[in-house]
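Inside the fold
Below are the chains, spelled out letter by letter.
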Amino acid sequence: MPDFSLILPHVVFHTFALLITIVSICVVAARHPVKSAVFLVVDLFLLAGLYASLDSHFVAAIQILVYAGAIVVLFLFVIMLLNLQQEQLKGVKFTVVEAGALLITLIGFLVVMFTTMSGKPTGLGEGSLDVAAIEAAGGNTQVVAMKLLTNFIWPFELASMLILMAMVAAIVIAKKDKKVVPAA
Amino acid sequence: MGLTANEFTVQFIATLIKFAIMAGILLQLPPVMVWAERRIPGMMQRRKGPNRVGLFKFRLYGIVQPLADTIKLIMKEEVVPEGAQKAFYHLAPIFSVFPAFLIAMAIPYGPDIHAFGFDVPLSIIRVDVGFLFIFAVSSLAVYGVTIAGWASNNKYSLLGSLRASAQMISYEIPLGMSLIPIVLIYGSLDLNKIVEAQNHVWLWGVFLSPISFVLFLISMFAETNRSPFDLAEAEGELVAGFHTEYTSAKFAAFFLGEYVSMFVLSCLASTVFFGGWQVPFVDILKIDDAIGFTGVGALIGFMSLLLKAGFFMWVYVWVRWTVPRFRYDQLMSLGWHYMVPLGLINIVLTAVILAAIRF
Amino acid sequence: MVPVEFYFVLACVMFLIGLFGALFRRNLIMVLMSIELMLNAVNLVFVAAGRSIGNVDGQIMVLFVIVVAACEAAVGLAMVIAVFRKYGTVNTDILRLLRG
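Note that residues are indexed from 1 along each chain, following the sequence as it is written. Here every chain gets a letter starting at A, and every ligand a number starting at 1, in the order they are written. Per-residue local features of the predicted model are confined to residues with pLDDT of at least 70, and side-chain atom pairs are confined, for both listing and counting, to 80 or more; whole-chain, interface and lining totals are unaffected and use all residues. Values reported for side chains reflect all heavy atoms of the structure, with hydrogen atoms and water molecules removed beforehand.

Quick look at the overall build of chain C
Along the backbone of chain C there are 3 helices and 0 strands. Only DSSP runs of H or I covering at least 4 residues are called helices, and only runs of E covering at least 2 are called strands; the numbering of each starts at the N terminus. Beginning at the N terminus, the succession of helices and strands in chain C can be written as α-α-α. The C-alpha atoms of chain C give 17 Å as radius of gyration, which overshoots the globular expectation for 100 residues (13 Å, by more than 25%). Dimensions along the principal axes, computed over C-alpha positions, put chain C at roughly 50 × 25 × 20 Å. With a 1.4 Å probe rolled over the protein chains alone, any residue whose accessible area is under 20% of its type maximum counts as buried; one over 50% counts as exposed, and the rest are partly exposed. Counting over 100 residues, chain C shows a buried share of 58%. Here chain C displays about 3,700 Å² of accessible surface, and carbon together with sulfur accounts for 73% of that area. Our radius of gyration looks at C-alpha atoms and nothing else; its globule reference is 2.2 Å times the residue count to the power 0.38. Note that accessible areas follow from Shrake-Rupley with a 1.4 Å probe, and for residues the cover is restricted to the protein chains shown.

Structure (structure tokens):
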């Protein structure tokens, strides 16, 4: 029998990669915003699966918890609140600037891809995350947490400030005029 | 990774068996709960409740009633409202059932079975960030409700679903906060390790962190949209909330989702606060050796967890028939003005005490 | 194991799809959702690269990106609501006041 530990990662990756590509196209191409939002949830879910296959369980869980559980719900709420209807995709004209931006990014990516791919592919196994060492230090979550609260303590605190500011900003921007609705 | 082909096969088959057992139990929940939810209040209010339907001449306390109900429900005509978003209308019940079943997979139902040189864990998937996984997936339950309400093209449904989703998102925060002290105390996100750490009654979460338990219990009701927080389906105001337009088997699917998520949260509550599969005053890990037969400890552990979860299911019913429904602003005020600050205080308090002990 | 370049290619594809959506969709909410897609492509690169060079910094960066994405979504959607209230539309072809 073949060694499963060698084949399984490839099967997982290629399945997920294919699904992610298809679902991403669906997100962008779906005519109704609610459909897009639902496809986005599926996409985030698949990405979380990919993270989990990269031994990043904590990030995978946070991805679903924050992205799928909170951010996309926010999108869904706003779509329902505004009662957006299907969008007419026909008759959309591409401007030169937009097409140019897309083209330049595409070319840039192709250049980067060819330069990196021309060398020998770096296996994730070689010189990669030392799973044994991380297990000894108390598992992936503990290592991430340790680093987050020591080396990255300032960005961490700043991120909390950013969230606070965003919260205040969102409330101020979205608030209705006081004349229309008395303060609840 | 690092699995040999042989081990892979064994684990695969074991997973299939566990999956079949679990699915069997979860699918039996709604009938039993429907019966319990009519008999228990009957007992409480000194009336009989459904006791007629039986097999042949035996009435069996009306235990066959749910079967009759199910047949009635499935035989009904399925009505899809005009102007509904067809695809989402049909998908919404699946969205509401799927997360509940997914969480049910991550709960440890018993100690590991050591048989024939293999270790078989008694949870279907073993996640080393079990807590976060459960939160992450349970936050997806909002979609079923939101999309069901929106796709029905009915203002009652939409209002119910908006209420329900706002409520579920709000109460996810105290629910998460109530469990942080537990993670601090036991020092792990792995549910298995948390259960193993509770090997003595006084080490149970409910004694080490009672405030957490109260917060968890309250948010549990809100998360599952159960009374006294069942504003999503406040029948006096919103007909039936987000599933107003659902009939037949799809309506039953919402029931299934609700009962399974109730059961899963009950299991989580017993796992975190009441020692999971541990039995008080008995070291369950040594039962196998004492009897000399593998799997007995696991079976007893499983029964123990089911018993504890059953108690919480009973609490659900008990509370439903005791406490009147909250008003919506009261609900939000309870969540944001009382439970979130209390949760924060609880976290800080636990952290300070733990630091003092370890110092 | 799967070469890390495969992950980069997948991320590039995702990023391009997201960019396409952000540029060519005419609905403000769709634009925001496409930007989320692009951010996720970046996250994938962070995780895969972090895994490949052997430390967890990549995962930590993902956490920060998620924080920023949450803020962006909150403020962006608040602005969408404000715009809709003022102009009654979220179509970017109509909202071109700043273009003169």
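Digging into the overall build of chain A
Regarding its fold elements, chain A presents 7 helices and 0 strands. Reading the helices (α) and strands (β) of chain A from amino to carboxyl end gives α-α-α-α-α-α-α. Within chain A, buried positions represent 37% of all 184 residues. Residues count as neighbours in contact if any of their non-hydrogen atoms are within 4.5 Å of one another. In chain A, 56% of the contacts between residues at least 6 apart in sequence involve partners at least 24 apart. Of the roughly 10,500 Å² that chain A leaves accessible, carbon and sulfur atoms contribute 74%.

Things to note about the nonpolar core
In terms of nonpolar packing, the biggest core is built from 160 residues, with B:F131, B:F216, B:F273 and C:I29 touching the most fellow members. Counting residues per element, this core draws most heavily on helix 3 (residues 57-82) of chain A, at 17 residues. Each domain span listed reflects an automatic or database assignment of domains. Each of domain 1 (1-88) and domain 2 (130-176) of chain A contributes no fewer than three residues to this core. Look past the residues within four positions of B:F131 in its chain and what remains in contact with it is B:L179, B:I182, B:V183, B:S188, B:L189, B:L191, B:I194 and B:V272. For our purposes a nonpolar core is just a set of buried Ala, Val, Leu, Ile, Met, Phe, Trp, Tyr and Cys residues, chained together by side-chain atoms within 4.5 Å. Counting 7 residues, the second largest nonpolar core, distinct from the first, contains A:L102, C:L19, C:L23 and C:F24.

Here we look at the packing of helix 3 of chain A against helix 5 (residues 141-151) of chain B
The axes used here are C-alpha line fits, helices contributing only the stretch in contact, and every angle between their N-to-C directions lies in the interval 0 to 180 degrees. Where helix 3 of chain A meets helix 5 of chain B, the axes come as close as 11 Å, and the angle between the chain directions of the two elements is 10°. By the angle between their axes, helix 3 of chain A is roughly parallel relative to helix 5 of chain B. Of the residues in helix 5 of chain B, those in contact with A:A68, A:V72, A:V73, A:L76 and A:M80 of helix 3 of chain A are B:V142, B:Y143, B:T146, B:I147 and B:W150. Reported orientations rely on four angle classes, namely roughly parallel under 35 degrees, roughly antiparallel over 145, roughly perpendicular from 65 to 115, and oblique for the rest.

Topic: the interface of chain B and chain A
Each side of the interface is counted separately: chain B has 29 residues, and chain A has 26 residues. Interface area, chain B with chain A, both sides summed: about 2,400 Å², of which 82% is carbon and sulfur. For this analysis, a salt bridge means a side-chain nitrogen from Lys or Arg found within 4 Å of a carboxyl oxygen belonging to Asp or Glu. There are 0 salt bridges connecting chain B and chain A. Each polar contact in these results corresponds to two N or O atoms within 3.5 Å; when the atoms are within protein, one needs to be able to donate a hydrogen and the other to accept it, and residues that are neighboring in sequence are counted only if both atoms are side-chain atoms. At the junction of chain B and chain A, the tally comes to 1 residue pair in polar contact (both at pLDDT 80 or more). For the side of chain B that touches chain A, the secondary-structure elements that each account for two or more residues are helix 1 (5-44), helix 3 (86-106), helix 4 (130-138), helix 5 and helix 6 (155-186) of chain B. When residues are sorted by character, Ala, Val, Leu, Ile, Met, Phe, Trp, Tyr, Cys and Pro go into the nonpolar class, Asp, Glu, Lys and Arg into the charged class, and all the rest, Gly among them, into the polar class. Class assignment of the residues belonging to the side of chain B that touches chain A gives a composition of 23 nonpolar, 5 polar and 1 charged. When two components associate, each loses some accessible surface as probed by a 1.4 Å sphere; the sum of these losses over both components is called the buried area.

So, helix 5 of chain B
When you tally the buried positions in helix 5 of chain B, you get 11 out of 11 residues, the bulk of the element. For helix 5 of chain B, the full list of buried residues reads B:A141, B:V142, B:Y143, B:G144, B:V145, B:T146, B:I147, B:A148, B:G149, B:W150 and B:A151. On its buried face, helix 5 of chain B is in contact with helix 2 (33-53) and helix 3 of chain A together with helix 3, helix 4, helix 6 and helix 11 (248-273) of chain B. Looking one or two places after helix 5 of chain B, you find B:N153, whose phi comes out positive at around 60°.

Some words on the environment of C:L10
One can find C:L10 in helix 1 (residues 4-24). Residues C:L10 and C:A41 lie 31 residues apart in sequence; the distance between their C-alpha atoms is 8.0 Å. Setting aside anything within four residues of it in sequence, one finds C:L10 in contact with A:F13, A:A17, A:I20, A:T21, A:L50 and C:L44.

Things to note about the interface of chain C and chain A
In many analyses, interface size is given as the accessible surface area lost on bringing the parts together. With 68 residues of chain C at the contact, the number on the chain A side is 84 residues. Interface of chain C and chain A: buried area, both sides summed, is about 7,100 Å²; carbon and sulfur atoms make up 78% of it. In this structure, the connection of chain C to chain A is made through 1 salt bridge. C:D57 is paired through a salt bridge with A:K147; the nearest N and O atoms lie 2.9 Å apart. For the side of chain C that touches chain A, the secondary-structure elements that each account for two or more residues are helix 1, helix 2 (28-53) and helix 3 (57-87) of chain C. Broken down by element, the residue count for the side of chain C that touches chain A peaks at 24 residues, all from helix 3 of chain C. When its residues are assigned to classes, the side of chain C that touches chain A shows 51 nonpolar, 10 polar and 7 charged.

Here we look at the domain arrangement of chain A
Residues and elements named next belong to chain A. Each assigned domain of chain A is listed with its residue range as follows: domain 1 (1-88) and domain 2 (130-176). Listed by partner, the interface residues are 4 residues for domain 1 and 4 residues for domain 2. Where domain 1 touches domain 2, the interface holds 0 salt bridges. At the boundary of domain 1 and domain 2, one finds 0 residue pairs in polar contact (both at pLDDT 80 or more). Residues of the side of domain 1 that touches domain 2, tallied by class, amount to 1 nonpolar, 2 polar and 1 charged.

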